[in-house]
Amino acid sequence: LVQFDDVLSTKEKRNKWEDIAANTIIVPELKDLDKKLLKLNRQIQEDERISSNPIVKIVYGDPAAFLSQLPGDSHIHHSKMWSCRRRVSVENLGHVVQQKNAKDTVPLLWKFLQKETELRLVKFLPEILALQRDLVRQFQNTAEVKHCSIREFLREPHSDVMRDLLERRVNVFLSVWNRLRSSLDTNGEIKLPKGYCDAELSLESRLEVLLPRRQGLGLCSTALASYLIGLHNHFVHSVNRHIKEDDRYLISPSEVADLHVISYEVERDLIPLILSNCQYSMEKGGETLQDFDLERIQQQVVSKFLQGKPLITLTGIPTLVYRHDRNYEQLFSDVRSKLEQSALPSSVMNMISGELQSYSDVCDALSLTEITLGFLAMAGENAEMLLTEYIEQVLQMGDQTNPHVLQALRRCQLRHSTALWQLLCAHKSEQLLRLGRDPFADVSPDYKEELTPELAKLLHTFLVHSRLETFLQELHEMIILKLRRVQAVEEFRPSWSLKESLLPYLYAKDSELALELEDTFPDAILLSHAAGTWKAAAVFKREHR
């Protein structure tokens, strides 16, 4: 180890030295610990300095020998009655494996005992996946995140059968999460944001923790299912390798049922198995020794609980995708490959902004535009066709659409679809800001640093002479498409200049704003100020309209 000390990381060095210390110092002391303790007890009994103590006589001797008033024919007044036989438990069996230094002799049993407190929870995986599928079915493609507590959600109108089913599955989810949250924080494959695992979940927690997503609080649900699947697969793979079988039996999460997962009850299944392989022997002084057939216990644990189970793929875990979670960059690319896209004329933008003054109207228009983009990405169409004509005649959605919204979009053609999305998306955020809500609730706090008075003054100077509407739309689109990603902070450092981060995005689109931004936008404003910069620009627009 010393020879390679220089090339090992600090963590690797620590682990190596810990293993050496355990194997050379601790393990030898634990070996045959029960027998050593019995030997010590006998020495205590035979030591005249100690054995005369009345308490020692009661514990180790015959109380009737020195307490004459005790009934002579009693079955309870002797030391055997009051001696405590060690209770057989999973923890006790783990200590036995350690004492016998049998980790290499029964490696699967040792691994099982190490993870048993978590492995017993894998049986709840089918219930958790079923809950996720039900929630995805209910909320898939909705435009807005539902803000309420779990308790409030359960109080909403449901059939009696559905309410009972939801309550049971939700309680299972909360119980399993609370027991695994420490492991999810330190060992889970999905890295959860700091603080997500700090407190236990309850019915007062936000509903979002149940909704399986790839970002935000929804990561909790996805991470829990992923961890249970990983735990199940780890043991299935270990057993297959031990018995020299291939990992060919695979199922997807949508197929998982109770019979597919590792499932057992500790008191009903595991403890009786251990007891059936435990023998007792009597030692001098009435002490009882336990002796476990570890190899047979391993064989039965493998055959009864672990063997014959399929591996579960991670592909196909239920995932809720809100409409704003879609990969719009890919969607826009698919649309452009089907039909040419161009910018909206200023007069059309002004008309749409003027006619869609309410938040609900903007949301309806944006929803309609997103549906249109989805169809265009798949099927294409004549770029010169009017958007309203496409909605009414091709999609046959005229009767389902707000007439006021259709009227506002009457001058848009299909070649304006992506530009219309950009306008309406920014306009929706302006409405949210006006209503006192955060338009960037899903964006990392790393991009929400407030502007200092000095930076606000520099930004104001830029906004006075800039293409304000274009700046608002382009910066908003970059925040939504780039900075709202789960791994955004790793790709776009908050310490980078906002100008230098936005410029490549504008040049790739041949935006007229690029040269103006390069010449006059303050260098001191960073990407960490992105959300604050957009909000300040939106407020400036509203005040100077």
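Rules of the game
Residues numbered from 1 in each chain as written. Predicted model: local features only at pLDDT ≥ 70, side-chain atom pairs only at ≥ 80, totals over all residues. Heavy atoms only, no water. Helix = DSSP H or I, 4+ residues; strand = E, 2+ residues; numbered from the N terminus. Buried < 20%, exposed > 50% of the residue type's maximum accessible area, 1.4 Å probe, protein only. Contact = heavy atoms within 4.5 Å. Expected span 1.5 Å × (residues − 1). Salt bridge = Lys/Arg side-chain N within 4 Å of Asp/Glu carboxyl O.

Digging into the environment of Thr315
Piece 1. Along the chain, the position of Thr315 falls in the loop between β4 (311-312) and α14 (328-338).
Piece 2. You can call Thr315 exposed: its relative accessible area is 66%.
Piece 3. Measuring from C-alpha to C-alpha, the distance between Thr315 and Ser252 comes to 6.9 Å, with 63 residues separating the pair along the chain.
Piece 4. Those residues in contact with Thr315, other than ones at most four positions away along the chain, are Ser252 and Pro253.

A few points about the side chain of Asn178
Piece 1. Assignment of secondary structure puts Asn178 in helix α10 (residues 160-187).
Piece 2. For Asn178, a relative accessible area of 18% translates into the label buried.
Piece 3. Residues in contact with Asn178, not counting those within four places in the same chain, are Glu200 and Leu201.

Details of the side chain of Gln132
Piece 1. For Gln132, the position within the fold is in helix α8 (residues 125-139).
Piece 2. Non-local contacts of Gln132, meaning those with residues more than four positions away in its chain, are made with Pro212, Ser221, Thr222, Ala225, Ile317 and Pro318.

Describing helix α19 (residues 417-434)
Piece 1. Over its 18 residues, α19 runs 26 Å from end to end, which matches the ideal 26 Å to within 8%, given 1.5 Å per residue.
Piece 2. Among the 18 residues in α19, 17 count as buried, and that is most of the element.
Piece 3. After α19 finishes, the residue Gly436 shows a positive phi value of roughly 80°.

A short note on the pattern of salt bridges
Piece 1. Applying the stated criterion across every chain yields a total of 25 salt bridges.
Piece 2. Between Glu208 and Arg206 there is a salt bridge whose closest N-O contact spans 2.5 Å.
Piece 3. We classify Glu208 as buried; its relative accessible area is 7%.
Piece 4. A residue is classified by how much of its surface remains accessible, and Arg206, at 45% relative accessible area, is partly exposed.
Piece 5. Between Lys509 and Glu474 there is a salt bridge whose closest N-O contact spans 2.8 Å. With Lys509 in the loop between α23 (498-508) and α24 (513-520) and Glu474 in helix α21 (residues 468-483), this pair connects stretches of sequence that are 35 residues apart.
Piece 6. One network of salt bridges, with partners in common, ties together Glu127, Asp134, Arg137, Arg168 and Arg169.

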